[in-house]
Structure formats: C-alpha cells, structure tokens
Amino acid sequence: MRIDVLTLFPKMFEDPLGESIIGRAREKDILDINIINIRDFSNDKHKKVDDYPYGGGAGMVMQAQPIFSALEAINARDCKVIYMSPKGKTFNQHIAKELAKENKLIFICGHYEGIDQRVIDYWVTDEISIGDYVLTGGELPAMVVIDAVARLIPGVLGQEESYIDESFYSGLLEYPQYTRPSEFRNLKVPDILLSGNHKKIDEWRKLQALNITKKNRPDMFKKYINRKDLSNEEKRLIKLLIEE
Ligand SMILES: C[S@@+](CC[C@H](N)C(=O)[O-])C[C@H]1O[C@@H](n2cnc3c(N)ncnc32)[C@H](O)[C@@H]1O
C-alpha cells in the first residue's frame, strides 16, 4: 500500500513510523509511506501557509493553495483523500478494515484552527476523527489511523490470524493474556491456561471476552448478544453471564 501524508511537521513522523512492525513493513516494501511537507508547496515568498479566518475569530487557518498544489503534485485523484478532523466520523476497526483494502491513501493533517473548507469540498473523500476531543494537529491522529490500517494488510503482522481474536475484530473485546512465568510475586496464571485442554481454554477465553465486553462496553455487548449467528455454546455462556 502507498500512503502519502501531507503535514506541516514532517519530523513528527520519522521515528513513530520507522520502528517495530510498521518499520519492518516499510523495509519489506509492503508499505510505502511518503511524508510531504505542505510548506514546500507554498507560492508565498516567505513560504507562509496560514492566514486569519474570514469573518474573524481566534487562531489561524491553513490556506488552500499549498494543500491544493501538494495534492496536484501527487496526483490525488482516484484514491481516498482523508482529512483528520475532530468533525469527522469516529474511527473504528470497521473503518480500518475498509481502508486496508485500498492500494493508496492520502492523509491531510490540519493544524491551528484547521484547513480552508475549499480543500475539503474539492479533494477530501473521508473526514476521520480519532475521538471526541481536540488535539493540536492531525499528525498523531494520522499515525493512529495508519498504524491500525497497516497491521491489517497481509504480510505486515507475522501471523495473519493474530488479529482475529483481538478486540473489536469479532465484535467483542479480547480475553486477558498471560505469559511466563506461571507465578509472579504470588500472582498466578489461571489454571485452565496451563491445562493443555484447548476446548476448555477456548471456552474460558470466550467467557472472559464476553465478560469484559459486558463490563466495559455494554453497547458492544448488547449488539453481540443480539447476533443471529451465535452458536449454542455462546448462547449458553451469555445466559450464564446475564443471570450472574
Ligand atoms: C486544533 S485542531 C482544529 C479544531 C477545529 N477548530 C474544530 O473545532 O473542529 C487542529 C487540527 O488537529 C487535528 N485534530 C484535532 N483533533 C482531532 C481529532 N480528534 N481527530 C482527528 N484530527 C484531529 C485536525 O487535523 C485539525 O485540523
């Protein structure tokens, strides 16, 4: 997948997108991430990229011209152009899965009071928010989305199936995880996980996943228990939990 990121702060991306799983995916050419400095495209002799908002009000607005020119330079038609914005649709695993199917994505990171609306009207296909709060810029939100999308691209994670049981993938939050040693400062790993009985382990994990979802995300739990494709075993576990 090719990802272009338009930003006024390219340095913010250097380490976070160069390390660990994303860094390795870039080395293997599964991911090609191209960071573009919007300022390089300003026609202003002082490379100015922002100005006061029409109609008054606090702060500065990023001007249309440098962003238009940057998008034209990378031929931004025929692919998704995503503007990171608190006014966008709230990001979730479903959106990540959909974006992971694309060959090319372009991210625009706003700063100050945001970008001139004409960029959004003319270029942007998707406005995405990472949550109901306001950050200083779209750089961290873009990295959040890129990370969540990239790990769903085949070949990026070592084991393809490693995200199947993860939170949100199946509509539930993930069960608790433990690793060696089996006892640490008197804190023990549940016996069932050491039993070698995979049927019982799967059942325990499903119950834990249902339980944590019921506790932390009642909205997701309600949706899950109303699914038409639940197995009899799942129905039994749900009944146990509801009767608790
Ligand atoms: C200070 S914010 C602008 C907020 C804008 N004036 C508003 O009230 O909606 C500057 C930039 O940060 C980014 N940003 C801030 N919060 C965000 C969020 N929750 N999700 C995605 N991007 C966000 C956007 O790119 C935005 O243009």
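Scroll up for the structure.
Anyway, here's the lowdown on the structure attached to this text. (Residues numbered from 1 in each chain as written. Predicted model: local features only at pLDDT ≥ 70, side-chain atom pairs only at ≥ 80, totals over all residues. Heavy atoms only, no water.)

**Re the site of the ligand**
Then comes step 1: As a structural note, the neighbourhood of the ligand is formed by 21 residues, with Y83, M84, G110, Y133 and L135 the closest of them.
Then comes step 2: The separation between a nitrogen atom of the ligand and a polar main-chain atom of G131 is 3.1 Å.
Then comes step 3: One of the backbone N or O atoms of L135 is found 3.0 Å from a nitrogen atom in the ligand.
Then comes step 4: Burial of the ligand by the protein amounts to 86% of the accessible area it has alone, namely 580 Å². (Near = heavy atom within 4 Å. Polar contact = N/O pair within 3.5 Å; in protein donor to acceptor, adjacent residues only side chain to side chain. Areas by Shrake-Rupley, 256 points an atom, 1.4 Å probe, with all protein chains shown as cover.)

**A look at unusual backbone geometry**
Peptide bonds are, in most cases, trans, and in most cases residues other than glycine have a negative phi.
Then comes step 1: Cis geometry is found at the peptide bond from R180 to P181, where omega equals 0°.
Then comes step 2: Along the chain, P181 falls in the loop between α5 (139-150) and β8 (183-184).
Then comes step 3: For D29, which is not glycine, the phi dihedral falls at a positive 65°.
Then comes step 4: Mapped onto the elements, D29 comes out in the loop between α1 (20-27) and β2 (32-37).
Then comes step 5: Positive phi, normally seen in glycine, also occurs at D78, with a value near 60°. (Helix = DSSP H or I, 4+ residues; strand = E, 2+ residues; numbered from the N terminus.)

**Things to note about the state of the cysteines**
Covalently bonding the sulfur atom of one cysteine to the sulfur atom of another cysteine gives a disulfide.
Then comes step 1: Tallied over the entire structure, the rule returns zero disulfides.
Then comes step 2: C79 carries a free sulfur, and the closest cysteine sulfur to it, the one in C109, is 15 Å from it.
Then comes step 3: The class for C79 is buried, based on a relative accessible area of 12%.
Then comes step 4: For C109, a relative accessible area of 0% puts it in the buried group. (Disulfide = S-S within 2.5 Å. Buried < 20%, exposed > 50% of the residue type's maximum accessible area, 1.4 Å probe, protein only.)

Read these as layout, nothing more, since geometry by itself doesn't imply function.
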